[in-house]
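# Inside the fold
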Amino acid sequence: MSHLTDASPVLIARVRRIAGQGAAVERERVAGAPCGKVLHLVAAVRGAVNGLVDEIIAEHLEAHVAGRGLTDEARARRCRPAGGDPPLLQIGCCHTDGLERCRA
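About the criteria used
Here the residue index of a chain counts from 1 through its sequence in written order. Predicted model: local features are reported for residues with pLDDT of at least 70 only, side-chain atom pairs are reported and counted for 80 or more only, and whole-chain, interface and lining totals are derived from all residues. Only hydrogens and water are set aside when side-chain values are computed; all heavy atoms of the structure are taken into account. Known as pLDDT, the predictor's confidence for each residue is given on a scale from 0 to 100. Note on contacts: a residue pair qualifies if any of its non-hydrogen atoms lie within 4.5 Å across the two residues. To form a nonpolar core, buried Ala, Val, Leu, Ile, Met, Phe, Trp, Tyr and Cys residues must be joined to one another through side-chain atoms within 4.5 Å. Only protein chains enter the accessibility calculation, which uses a 1.4 Å probe; a residue is then buried when its area is under 20% of its type maximum, exposed when over 50%, and partly exposed in between. In this text, helices come from DSSP runs of H or I with a minimum length of four residues, and strands from runs of E with a minimum of two, each type numbered from the N-terminal end. A helix's residues, less one, multiplied by 1.5 Å, set its expected span.

Time to look at the confidence of the model for the protein. Put simply, the protein has an average pLDDT of 77, and 64% of its residues get 70 or more. Predicted confidence for residues 95–104 stays below pLDDT 50, and this span has 28 contacts to residues more than four positions away or in other chains.

Judged by nonpolar contacts, Leu 11, Ile 18, Val 25, Ala 33, Val 38, Val 45, Ala 48 and Leu 52 together constitute the single largest core of eight residues. At the level of secondary structure, the elements contributing two or more residues to this core comprise α1 (8–30) and α2 (35–64). If sequence neighbours within four positions are ignored, Ile 18 has contacts with Val 45, Ala 48, Val 49 and Leu 52.

Here we take up α2. Helix length check: α2, at 30 residues, gives a terminal C-alpha distance of 43 Å against a target of 44 Å (1.5 Å per residue), a fit within 8%. All of the buried residues in α2 are Val 38, Val 45, Ala 48, Gly 51, Leu 52, His 60, Ala 63 and His 64.

Spelled out as structure tokens, the structure:
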């Protein structure tokens, strides 16, 4: 995900905060905290992960699908994963009609 390099410090900080939240869930479970407190912490982790996913998807779409000046050929080339890996799930990919595997 080379297009995320510029935002890397911000994304890494988010990932570290999420890791801290996960550690808090573990601490509370080990300490025998009430279910409500643990569920509240887990909901916070889920919200943080969802926000991270949203940000990464937005970066991906901007870089590979909606970027200004991208030709159809460039979009097709950027839609494929590097190294001959199998196609990734591409949300809104130029080769799909929605939520399905990239056909490029």
